[in-house]
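Results of the structural survey
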Amino acid sequence: MKTPSTTSARLAGRIKHLTGSVARDILSRTQDKEIISFAGGLPDATLWQDLKLPEVPPAAYQYGPSEGEHSLRSILAERNNSLGLPATPENTLITSGSQQGIDLAAKLLLEPGTPLILEAPSYLAAIQVFSLFEAELHTLAVDTDGICPQALDRLLTETQAPAVYLNPTFQNPSGKCYSLERRQQIAAVLDQHGTLLMEDDPYRDIYYDEAPPAPIASFLKSAPWIYFASVSKTLIPGLRLGSLTCSPELYDDLLKLKQASDLHSNRPAQFIAASMLADEAERAERIEGLCQHYRQKRDSMQQALAQHFTDLATWEIPSGGMFFWLDLEQSIDLYAALEKTLEKGVAFMPGSPFFTEKCDQGCSIRINFSLVSPKSMDKGIKILSDAVRDLQQA
Ligand code: PMP
């Protein structure tokens, strides 16, 4: 059904802040088409083409607890514990994807005009949620090692923001991973201001060199925190399962928000995830296989970019996650480039939606390398580089 442009219904004021996700728009334009898509953040579907899901017992068909299945909470809490977080099943909540965790945290923290600090660039769908709750967004640039702790300190003093949202490990979209030192320094600044940290960490397990440093939340001594994790990137995204673990004093309110939102997450999916994650050795083996698989793709993408983009853009090779972030030497209209590449069967994400309106954004492209086969990468990147070159010369 076509969405009418006007309605006689009196909508909530916040709806004027409701933005569609550019990534999902591109996804719907490219679905069911033979397209080489660097646009989304989708895991490689060939990974599960032969997968047989575990059987679900009839017990899972009934309504269940809002906090989620104890078995799954235990597994996820234990994993978070091994990262240095004080996690137990009692401060771990199963969510419908980590996206729901971000939404619940926003409901907990944000009123119209609440100042909130995030990275520039930042995760698109988090910006979408925070904008819907009418937060006043303040951003800090991400350099090679993360946001600058001194700049964070200054911005916290200036804005008195009650919370900061960070995606410090193989960030979506920049692919950057904060250094250990930065993590410790940022935690110290947050402790000093008593500012709540929302740490979004869905890419942590997918690394190509060494394991990333521990979560920033693990270095906090007194500041409150909420840590979001997901099974989407390492198991199956269609299960729509994630978790949040938080300072114990926040848990009851988040649980009530979860109840009010959807009673509980899909129960058969929780049984499936718990069964697939139960054996630690099997888990480690699967993740090792995933890392190898995506490492090859990362390397193929780097080759393709080196071949076609060296004179057009600069970038850092990501040491984990699913994205390259290209900074173009010369600004062009990336939406015009996107129309050109879509005609030739290639999709990519212009960088601008990853920035909030206020901040200066340069001209960047996010390239996802997890979905496309290495064989198609060179072809797709050549088409993209031709479109960029054409527009630069126009
Ligand atoms: N946070 C970040 C940084 C992401 O990239 C994504 C997925 N694109 C999510 C959260 C949401 O993931 P999910 O809801 O599938 O767990």
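Everything discussed here concerns the structure shown above.
To keep things clear, this report deals only with the structure shown in the data block. Everything quoted here is computed from the prediction, not taken from an experiment.

Comments concerning the overall build of the chain
Helices and strands together make up the secondary structure of the chain, namely 11 helices and 13 strands. Its C-alpha atoms give the chain a radius of gyration of 21 Å, within 12% of the compact-globule value 21 Å for 394 residues. Each principal axis of the C-alpha distribution contributes one length, and for the chain these read about 60 × 55 × 55 Å. Within the chain, the proportion of its 394 residues that are buried is 48%. If you take every contact in the chain between residues at least 6 apart in sequence, the share linking residues at least 24 apart comes to 75%.

Some remarks on the site of the ligand
The environment of the ligand is made up of 13 residues, and the closest members are Gly97, Ser98, Gln99, Ser230 and Ser232. Considering every element that reaches the shell around the ligand, the biggest residue donor is helix H3 (residues 97-109), with three residues. Residues belonging to the shell around the ligand are distributed by class as follows: three nonpolar, nine polar and one charged.

Some remarks on unusual backbone geometry
Cis rather than trans, the peptide bond between alanine 120 and proline 121 has omega equal to 5°. Checked against the element boundaries, proline 121 lands in the loop between strand S3 (115-120) and helix H4 (124-132). Of note, the amide linkage connecting asparagine 172 to proline 173 takes the cis form, showing an omega dihedral of 25°. Mapped onto the secondary structure, proline 173 falls in the loop between strand S5 (163-166) and helix H6 (180-193). If you check the backbone angles, phenylalanine 170 has positive phi at about 55° while not being a glycine. C-beta crowding within 10 Å serves as the criterion here: with 26 such atoms nearby, phenylalanine 170 is assigned to the buried category. One non-glycine residue, leucine 263, adopts positive backbone phi at about 65°.

Looking at the pairing of strand S10 (residues 323-328)
With five of six residues buried, S10 lies mostly within the body of the structure. Where strand S9 (residues 313-314) meets S10, two bridges bridge the pair, whose relative direction is antiparallel. Residue pairing for S10: alanine 313 is matched across the bridge by leucine 328. Pairing analysis gives five bridges linking S10 to strand S13 (residues 364-368), with the strands arranged antiparallel. In the strand pairing of S13, leucine 326 is matched with isoleucine 365.

A short note on the environment of arginine 79
Among the secondary structure elements, arginine 79 is positioned in helix H2 (residues 70-82). Each C-alpha atom, one on arginine 79 and one on glutamate 280, is 9.6 Å from the other, the two residues being 201 residues apart in sequence.

Focus: helix H7 (residues 248-262)
Along its 15 residues, H7 runs 22 Å from first to last C-alpha, staying within 8% of the 21 Å computed at 1.5 Å per residue. Leucine 263, located one to two residues past H7, shows a positive phi value of around 65°.

Describing the packing of helix H10 (residues 334-343) against helix H11 (residues 374-393)
Here H10 crosses H11 at 135°, and the two axes come no closer than 9 Å. It follows that H10 is oblique to H11 by the angle criterion. For the pair H10 and H11, the crossing hand works out as right-handed. Contacts between H10 and H11 involve Ala336, Ala337, Lys340 and Thr341 from the first element and Ile383, Leu384, Ala387, Val388 and Leu391 from the second. In the contact of H10 with H11, the residues fall into seven nonpolar, one polar and one charged.

Quick word on the nonpolar core
If you look at soluble globular proteins, the nonpolar side chains tend to sit buried side by side. Counting residues in each nonpolar core, the largest one holds 110 residues, and the members touching the most others are Leu116, Leu197, Ala273 and Phe348. It is helix H8 (residues 267-277) that provides the largest number of residues to this core, a total of seven residues. If we skip the residues at most four places from it in the chain, leucine 197 touches Val164, Leu166, Leu190, Ile216, Ala217, Leu220, Ala223 and Trp225.

Observations regarding the sheet that holds strand S2 (residues 92-95)
Sheet strands pair via backbone hydrogen bonds, and the direction of the pair is either parallel or antiparallel. The strand order across the open sheet formed by seven strands is S2-S8-S7-S6-S5-S3-S4, and the pairing between neighbours is mixed. Every other strand in the sheet has two partners, leaving S2 and strand S4 (136-141) as the edge strands with one partner each. Taking the axes of each pair of neighbouring strands and ignoring which way they run, one obtains an average angle of 20° across the sheet. Two strands pair when backbone bridges link them, and S3 and S5 are joined in this way by three bridges, in the parallel orientation. When the sheet's bridge partners are listed, isoleucine 117 is paired in S5 with valine 164. Strands in contact with H2 are S2, strand S7 (225-230) and strand S8 (242-246); relative to S2, the strand with the most contacts, it is inclined by about 115°.

What about the pairing of S2?
Two faces, one strand: in a regular strand the side chains alternate between the faces of the sheet. Here S2 shows two buried faces, one formed by Thr92 and Ile94 and the other by Leu93 and Thr95. Where S2 lies against S8, four bridges are found, and the strand directions are antiparallel. Residue pairing across strands places threonine 95 opposite glycine 242, the latter belonging to S8.

What counts as what
Residues numbered from 1 in each chain as written. Predicted model: local features only at pLDDT ≥ 70, side-chain atom pairs only at ≥ 80, totals over all residues. Helix = DSSP H or I, 4+ residues; strand = E, 2+ residues; numbered from the N terminus. Rg over C-alpha atoms; globule rule 2.2 N^0.38 Å. Buried ≥ 20, exposed ≤ 12 C-beta atoms within 10 Å, placed from the backbone. Contact = placed C-beta atoms within 7 Å. Near = placed C-beta within 6 Å. Nonpolar A, V, L, I, M, F, W, Y, C, P; charged D, E, K, R; others polar. Pairing = 2+ DSSP bridges. Expected span 1.5 Å × (residues − 1). Axes fitted to C-alpha atoms, helices over the stretch in contact; angles between N-to-C directions. Parallel < 35°, antiparallel > 145°, perpendicular 65-115°, else oblique. Left-handed = near helix turned anticlockwise from the far one by under 90°. Core = buried A, V, L, I, M, F, W, Y, C linked by C-beta atoms within 7 Å.

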